[in-house]
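Architecture at a glance
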Amino acid sequence: MDVKSFLNKLKMKAPEVNIIGGRSVNEMPIYLPTGKTEAIRTKNRAEGSVDLNFTAPSMVEGQPTVFGVGGSGNYMQGQVDYPQEVQAYGAPESQQFGQGLTVNQLRAYLGIPITENTSLNIQGQINPYYFDPVDGTPLGKEKNIGANIEYRF
């Protein structure tokens, strides 16, 4: 099979896209010697994933090669607006917080049929911004690569 014929038989499945998010606006009470006032905290959050999956011809009749790539991430950005009463004590007019867009994971996989009943599956992933789940210390990149041979009875 030549390259042109191979590319003509390459098929992309419908992309899988999952995104959820929200916006919250909260009043934060602040107690001053002159009385109670409130700061307004606005937070925008979203998280999601995108996966692209493909099938391609293989050397085994009726058993396509499958492969795909994907990624997931999140977004968080917010702002606190301080009233004039708090600014008189040295607070800024507003203060922004959040990391913006962060990539949580990049992943890829490949499934190659060897026979009608046997396939070689290879998968890998990288978490570019891995943090310790206990204390939040940045630990760098976490990488995983795996493979298995699947036998179907």
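Residues numbered from 1 in each chain as written. Predicted model: local features only at pLDDT ≥ 70, side-chain atom pairs only at ≥ 80, totals over all residues. Heavy atoms only, no water.

Quick look at the overall build of the chain now. Looking only at helices and strands, the chain has two helices and seven strands in total. Reading the chain from its N end, one meets helices and strands in the order α-β-β-β-β-α-β-β-β. Within the chain, the fraction of its 153 residues that count as buried is 22%. In the chain, of all internal contacts separated by at least 6 residues, the share reaching a separation of at least 24 is 53%. Accessible surface for the chain amounts to roughly 10,800 Å². Of this, 56% is attributable to carbon and sulfur atoms. Charge separation in the chain, taken as the distance between the mean sites of 13 positive and 15 negative side-chain charges, equals 6 Å. (Helix = DSSP H or I, 4+ residues; strand = E, 2+ residues; numbered from the N terminus. Buried < 20%, exposed > 50% of the residue type's maximum accessible area, 1.4 Å probe, protein only. Contact = heavy atoms within 4.5 Å. Areas by Shrake-Rupley, 256 points an atom, 1.4 Å probe, with all protein chains shown as cover. Lys, Arg positive; Asp, Glu negative; His and termini not counted. Charge placed at Lys NZ, Arg CZ, Asp CG, Glu CD.)

Here we take up the pattern of salt bridges. Note on pairing: side chains with opposite charge can pair once their charged atoms come close. Following the criterion strictly, the structure yields two salt bridges and no others. Among the salt bridges present, the one from Arg107 reaches Asp51, with a minimum N-O distance of 3.2 Å. Here Arg107 is found in strand S5 (residues 94–113), whereas its partner Asp51 is found in strand S3 (residues 35–56), with 56 residues between them in sequence. Residue class for Arg107 comes out partly exposed when judged on its relative accessible area of 23%. Judged by relative accessible area, which is 15%, Asp51 ranks as buried. Residue Arg152 is joined to Glu150 by a salt bridge in which the shortest nitrogen-to-oxygen separation is 3.4 Å. (Salt bridge = Lys/Arg side-chain N within 4 Å of Asp/Glu carboxyl O.)

Within the secondary structure, Asn127 is located in strand S6 (residues 118–131). Taking relative accessible area as the criterion, Asn127 reaches 11% and is therefore assigned buried. For Asn127, the side chain forms a polar contact with the side chain of Gln105, separated by 3.3 Å. (Polar contact = N/O pair within 3.5 Å; in protein donor to acceptor, adjacent residues only side chain to side chain.)

With that out of the way, let us pick up the packing of aromatic side chains. Tallying each qualifying case throughout the model produces two aromatic pairs. Judged by centre distance (5.2 Å) and plane angle (85°), the ring pair of Tyr151 and Phe153 falls under edge-to-face. Under the relative-accessibility criterion, Phe153 is labelled exposed at 95%. (Phe/Tyr/Trp six-rings, centres within 6.5 Å; stacked < 30°, edge-to-face > 60°.)

So, on to the nonpolar core. Core analysis: the biggest nonpolar cluster contains six residues, these being Ile30, Leu32, Ala39, Val80, Tyr82 and Val86. Ignoring any residue separated from it by four or fewer positions in sequence, one finds Tyr82 in contact with Ile30, Ala39, Gln87, Ala91, Pro92, Glu93, Ser94 and Gln95. (Core = buried A, V, L, I, M, F, W, Y, C linked by side-chain atoms within 4.5 Å.)

Bringing the environment of Ser119 into the picture now. On the secondary structure map, Ser119 appears in strand S6. Residue classification places Ser119 among the buried residues on the basis of a relative accessible area of 8%. Excluding residues that lie within four positions of it along the chain, Ser119 makes contacts with Ile112, Pro113, Ile114, Asn148, Ile149, Glu150 and Arg152. At a separation of 3.2 Å, a polar atom in the side chain of Ser119 contacts the side chain of Arg152.

Here S3 runs beside strand S4 (residues 65–81); their pairing, made up of 17 bridges, is antiparallel. Note that in S4 the partner of Phe54 across the bridge is Phe67. Bridge count between S4 and S5: 15 bridges; the pairing is antiparallel. Note on S5: the bridge partner recorded for Gly78 is Phe97. (Pairing = 2+ DSSP bridges.)

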